[in-house]
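Descriptive analysis of the structure
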Amino acid sequence: MQSARGWPTVRAMPSRKTARRPTSKKPAAPASEPSSDGRHRRSEETRRRLHDAMVALMARENEMPTIGRVAAQAGVGLRTLYQHFPDAPALYAGTFDHVVATTLATMPPVSPEGPLAERIAGFVERRARVCEAWTPIWRVALRFSGHDAGFRERIERVNQLLRGRAEILYAPELARLAPPQRTLVLDLLLSMTEMEAWEHLRTQCGRDVEAARAAWRFSIAALFDAAARLLQTTD
């Protein structure tokens, strides 16, 4: 089972000390009514359209759209929007969760097997795809994180997830390092490949997607080369 944010949740086991209920002769109600299922599907579709509209507007205009513009882009009325999201921060948070969950669902599991160069290339390709998809909504999350604990938690959990994937992918190289060096290399790796670094390469440096990927591949290879040479000097 997953939470509304797309992260796993834990359900409590039912207690065995449940009082015996009297037997009822009435037939049990159906688990779900078709009309209820239809309403749920329509509700989910409306929310998806609102999320997609928010992402499209931010990507096109590089700014936070108003509630009215999101509703118009999605083709729904303001009343319908407010039935799903009580205010703008709730819509932004829901869109952040939608973008993260949708992107992560398409990402394959990582493996520490294979040559380092191939693993770096795969890491950069996936990370670049994430940055291209997330950068607009990530800016919103950073903006709200200064005063909203929910957004701070979202950012922290995403960073932990990405760090965990990197630890698996580069396990052979990291295993050779002492714990302080291992932490340092991971910190540098994630700092070099964070959203802001990608946006700097793409907007400030004017690099296209492949040129930005090449810069990351070069930087990551240099980082692990430096770590290997450091290991040689300490042997």
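See the structure printed just above.
This report concerns the structure included in the present document. This is a predicted model, so every value here is computed, not measured.

1. Focus: the overall build of the protein
Tallying secondary structure elements over the protein gives ten helices and zero strands in all. Sequence-ordered secondary structure for the protein, helices as α and strands as β, is α-α-α-α-α-α-α-α-α-α. Across the 235 residues in the protein, those meeting the buried criterion constitute 34%. In the protein, the share of contacts with a sequence separation of at least 24, taken over all contacts with a separation of at least 6, comes to 65%. For the protein, the accessible surface area stands at approximately 14600 Å², while carbon and sulfur atoms represent 55% of it.

2. With respect to helix H2 (residues 67-74)
All buried positions along H2 are accounted for by Ile67, Val70, Ala71 and Ala74. One face of H2 carries all of its buried residues, which in axial projection span an arc of 100 degrees. Glycine 75, located one to two residues past H2, shows a positive phi value of around 75 degrees.

3. Some thoughts on the packing of aromatic side chains
Per the counting criterion, the structure on display carries seven aromatic pairs. Considering the side-chain rings of phenylalanine 144 and phenylalanine 151, the 5.2 Å spacing of their centres and the 20 degrees angle between planes classify their relative orientation as stacked. Accessibility classification places phenylalanine 144 together with phenylalanine 151 in one group, the buried group. Its end group placed over the ring of phenylalanine 151, arginine 154 keeps NZ or CZ at 5.5 Å from the ring centre.

4. Some points on the environment of valine 55
For valine 55, the location among the structural elements is in helix H1 (residues 34-61). For valine 55 and threonine 95, which are 40 residues apart along the polypeptide, the C-alpha to C-alpha distance reads 7.7 Å. Look past the residues within four positions of valine 55 in its chain and what remains in contact with it is Thr95 and Val99.

5. Considerations on the pattern of salt bridges
Inspection of the entire model under this criterion finds twelve salt bridges. Each of the salt bridges in this network shares a partner with another, and the network as a whole consists of Glu45, Arg48 and Asp52.

6. What to know about the layout of surface pockets
By volume, the second largest pocket is sized at about 210 Å³. As for the second largest pocket, its lining consists of Met58, Ala59, Asn62, Cys131, Glu132, Thr135, Pro136, Arg139, Trp198, Glu199, Arg202 and Thr203. Mapped onto the lining of the second largest pocket, the elements with two or more residues apiece are H1, helix H5 (116-145) and helix H9 (195-204). Top contributing element to the lining of the second largest pocket by residue count: H5, with five residues. Across the lining of the second largest pocket, the residue classes tally to five nonpolar, three polar and four charged.

What counts, and where the lines are drawn
- Residues numbered from 1 in each chain as written.
- Predicted model: local features only at pLDDT ≥ 70, side-chain atom pairs only at ≥ 80, totals over all residues.
- Heavy atoms only, no water.
- Helix = DSSP H or I, 4+ residues; strand = E, 2+ residues; numbered from the N terminus.
- Buried < 20%, exposed > 50% of the residue type's maximum accessible area, 1.4 Å probe, protein only.
- Contact = heavy atoms within 4.5 Å.
- Areas by Shrake-Rupley, 256 points an atom, 1.4 Å probe, with all protein chains shown as cover.
- Arc of directions from axis to C-beta.
- Phe/Tyr/Trp six-rings, centres within 6.5 Å; stacked < 30°, edge-to-face > 60°.
- Lys NZ or Arg CZ within 6 Å of the ring centre and 35° of its normal.
- Salt bridge = Lys/Arg side-chain N within 4 Å of Asp/Glu carboxyl O.
- 1 Å grid on protein atoms, 1.4 Å probe; cavity = no way out; pocket = protein on both sides within 12 Å on 5 of 7 lines; lining within 4 Å.
- Points joined across faces, edges and corners; volume = space filled by probe spheres on them.
- Nonpolar A, V, L, I, M, F, W, Y, C, P; charged D, E, K, R; others polar.

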